Amino acid sequence: MGNSTQFILALDQGTTSSRAILFDTEGAIVTVAQREFEQYFPRAGWVEHDPLEIWSSQIGVAGEALRAAGIGPGELAAIGITNQRETTVLWDRRTGEPVHRAIVWQDRRTAPMIDRLNADGCAEMVRAKTGLIPDAYFSATKIAWILDQVPGARAGAEAGTLAFGTIDSWLVYKLTEGRLHVTDVSNASRTMLYDIHAGRWDDDLLALFTVPRSVLPEVRSSSEVYGEVSVSLPGGPVPIAGIVGDQQAALAGQACFERGSAKNTYGTGCFLLMNTGDRVVTSTHRLLSTIAWRIGDTQHYALEGSVFIGGAVVQWLRDGLGLIRSAAEVEALALSVPDNGGVYFVPAFAGLGAPHWDQYARGTICGLTRGTTAAHLARAALESIAYQVADLFDAMQADTHLDRTELRVDGGAAANNTLLQFQADLLQVPIVRPRVTETTALGAAYLAGLAVGCWSGPDELARHWQVDKRFEPRMSGDRVAALRSRWTEAVSRSRGWEAAPAS
């Protein structure tokens, strides 16, 4: 590799692993490094991460990826960061030490706070300002919980000694050895504290959730040079030039720069996003309005449907039940039977997201008989991912009145041909998988590269996008309707299972 070649390093900090992917200026992958980290479940419905383990795993894989490629000083043009959204960290500005484990986006401990907010009639104000439906999913109630439950935390926040960040802010803080406390508009829009219309932290929301302004990061665009990395990397000092939440990053990585273009990511959860251009589209079908990104003076918005448990259901088959030894085995097991044998699996382990928004739904398996096998469970689990996406797709169609001609897909489970064929059948539209499926990391790399002049603009980036495989619908409409009717019935059985705790 010559020194004239420029590369972009994407730090992709996800819910179950930290990855670093090096891209060249054609958007091709050069090297990948990945490391899983521990998931903590201290109580039912609680999910936590160790922020220091996230940091050590992320800086570790960054070094691995650069060393594997033989990258030297001057060859790395920029770093882009993309991250699991909503996950909340508070740390001491003086020591850089977290005051509590990170509370993960899947965590449900603050559901009673949301119940009280809804009972007090505040939901519409939150929705109008943030584009979000009040839910424990978002960061605001997680911040309040840490401030109220950790001894001395609220006093520290009021005194200005504590900092809050989603994972992007935490990584930038560590990469710059405490010099920068920033986030971008896409991550800010997921906190339930940011007015997406006015473009600022909102005083009414801060008061509602009792969050002191002093803990908040500065909000910047998604593509600009924020500062240089201070810690030692094989590529030498390099600018951090892109920050974007993981699902918005995937939208960019799928080259969905035009209004009306859409993608679905099959990750730990599933996230269907459509670019709505420079205007906010308010959903009447319980989807979220959110900021996609800001590049220069141009801000794009998106309509989003969020499924909490997507690919994570396959992890549960592996780790919770021991039905498979690796996630890759699920497809062969599911294909060993001709159908689901009448079994429907609603993986509402963390409640139901869009379009249901039921904090108290729980995982449910319907239709078990003596003839049910591990293969039927595997097939039902795999199909549950596609059914949930189909519910989102219907809601998005109803909100936008746009006829989708295709849906672009990515994420780990997008490698599963059986899943994507079933998805095409349920939606009755073609599913298109790109050649580069690491679109989350690619989107972060694109935004960082734009900021340092590696690419001229979105039009050039769109020319990089290439199709790997296209899945055409094969199932009859009548058959799809019958299957989805049974799925809807199974969802109804899962709803409201966990009683709301007494306030």
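Going by the structure above, here's the rest.
Calculation notes
Residues numbered from 1 in each chain as written. Predicted model: local features only at pLDDT ≥ 70, side-chain atom pairs only at ≥ 80, totals over all residues. Heavy atoms only, no water. Core = buried A, V, L, I, M, F, W, Y, C linked by side-chain atoms within 4.5 Å. Buried < 20%, exposed > 50% of the residue type's maximum accessible area, 1.4 Å probe, protein only. Helix = DSSP H or I, 4+ residues; strand = E, 2+ residues; numbered from the N terminus. Contact = heavy atoms within 4.5 Å. Phe/Tyr/Trp six-rings, centres within 6.5 Å; stacked < 30°, edge-to-face > 60°. Lys NZ or Arg CZ within 6 Å of the ring centre and 35° of its normal. 1 Å grid on protein atoms, 1.4 Å probe; cavity = no way out; pocket = protein on both sides within 12 Å on 5 of 7 lines; lining within 4 Å. Points joined across faces, edges and corners; volume = space filled by probe spheres on them. Nonpolar A, V, L, I, M, F, W, Y, C, P; charged D, E, K, R; others polar. Salt bridge = Lys/Arg side-chain N within 4 Å of Asp/Glu carboxyl O. Expected span 1.5 Å × (residues − 1).

Visitor: Could you give an account of the nonpolar core, naming the residues involved and the relevant values?
Guide: Buried together is how nonpolar side chains tend to be arranged in soluble globular proteins. Counting 133 residues, the largest nonpolar core has Leu 193, Phe 209 and Tyr 266 as the members making the most contacts within it. Among the elements that line this core, the one with the most residues is helix α12 (residues 374-400), at 14 residues. Leaving out residues up to four positions away in the same chain, Phe 209 has contacts with Leu 117, Val 126, Ala 140, Thr 141, Ala 144, Met 192 and Leu 193. Ile 81, Ala 163, Trp 170 and Tyr 173 belong to the second-largest nonpolar core, a separate cluster that totals 37 residues.

Visitor: Quick rundown of the packing of aromatic side chains? Include the residues and the values.
Guide: For the structure shown, the criterion picks out 20 aromatic pairs. On the basis of an interplanar angle of 80° and a centroid distance of 5.5 Å, the ring pair of Tyr 194 and Trp 201 is categorised as edge-to-face. By the ring-pair criterion, three or more aromatic residues cluster together here, those being Trp 105, Tyr 137, Phe 138, Phe 271, Phe 308 and Trp 357. Over the ring of Phe 271 we find Arg 85; its NZ or CZ atom is 5.4 Å from the centre of that ring. When the ring centre of Trp 46 is taken as origin, the NZ or CZ atom of Arg 109, which lies over that ring, is 3.8 Å away.

Visitor: Run through the layout of surface pockets, naming residues and quoting values.
Guide: Estimated volume of the largest pocket: approximately 1,000 Å³. Taken together, 42 residues form the lining of the largest pocket, with Tyr 266, Gly 267, Thr 268, Gly 412 and Ala 413 sitting closest to its centre. Listed by contribution, the elements that provide at least two residues to the lining of the largest pocket are β1 (7-13), β2 (17-24), β3 (29-36), α9 (246-253), β15 (262-266), α10 (312-319), α11 (330-335) and α14 (439-451). With four residues, α10 is the largest single contributor of residues to the lining of the largest pocket. Grouping the amino acids of the lining of the largest pocket by side-chain chemistry returns 12 nonpolar, 20 polar and 10 charged. The space that makes up the second largest pocket amounts to roughly 530 Å³.

Visitor: Explain the pattern of salt bridges to me, using residue names and the numbers behind them.
Guide: With the rule as written, the count across this model stands at 31 salt bridges. In this structure, Arg 318 and Asp 319 form a salt bridge, with 2.7 Å as the shortest nitrogen-oxygen distance. Given a relative accessible area of 54%, Asp 319 falls into the exposed group. Residue Arg 486 pairs with Glu 489 through a salt bridge whose shortest N-O separation is 2.9 Å. With Arg 486 and Glu 489 both in helix α16 (residues 477-494), this residue pair falls three residues apart, about one helical turn. In this structure Glu 489 comes out as partly exposed when scored by relative accessible area, which is 32%. Via salt bridges that share partners, Arg 85, Glu 86, Arg 190, Asp 246 and Glu 304 belong to a single interconnected network.

Visitor: Explain α14 residue by residue, including any values.
Guide: End to end, α14 covers 18 Å across 13 residues, agreeing with the expected 18 Å (1.5 Å per residue, within 8%). Counting buried positions along α14 gives 12 out of 13 residues, so the element sits mostly inside the fold. Taken as a whole, α14 has its buried residues at Thr 439, Thr 440, Ala 441, Leu 442, Gly 443, Ala 444, Ala 445, Tyr 446, Leu 447, Ala 448, Gly 449 and Leu 450. Positive phi appears at Gly 453, one or two residues downstream of α14, with a value of about 85°.

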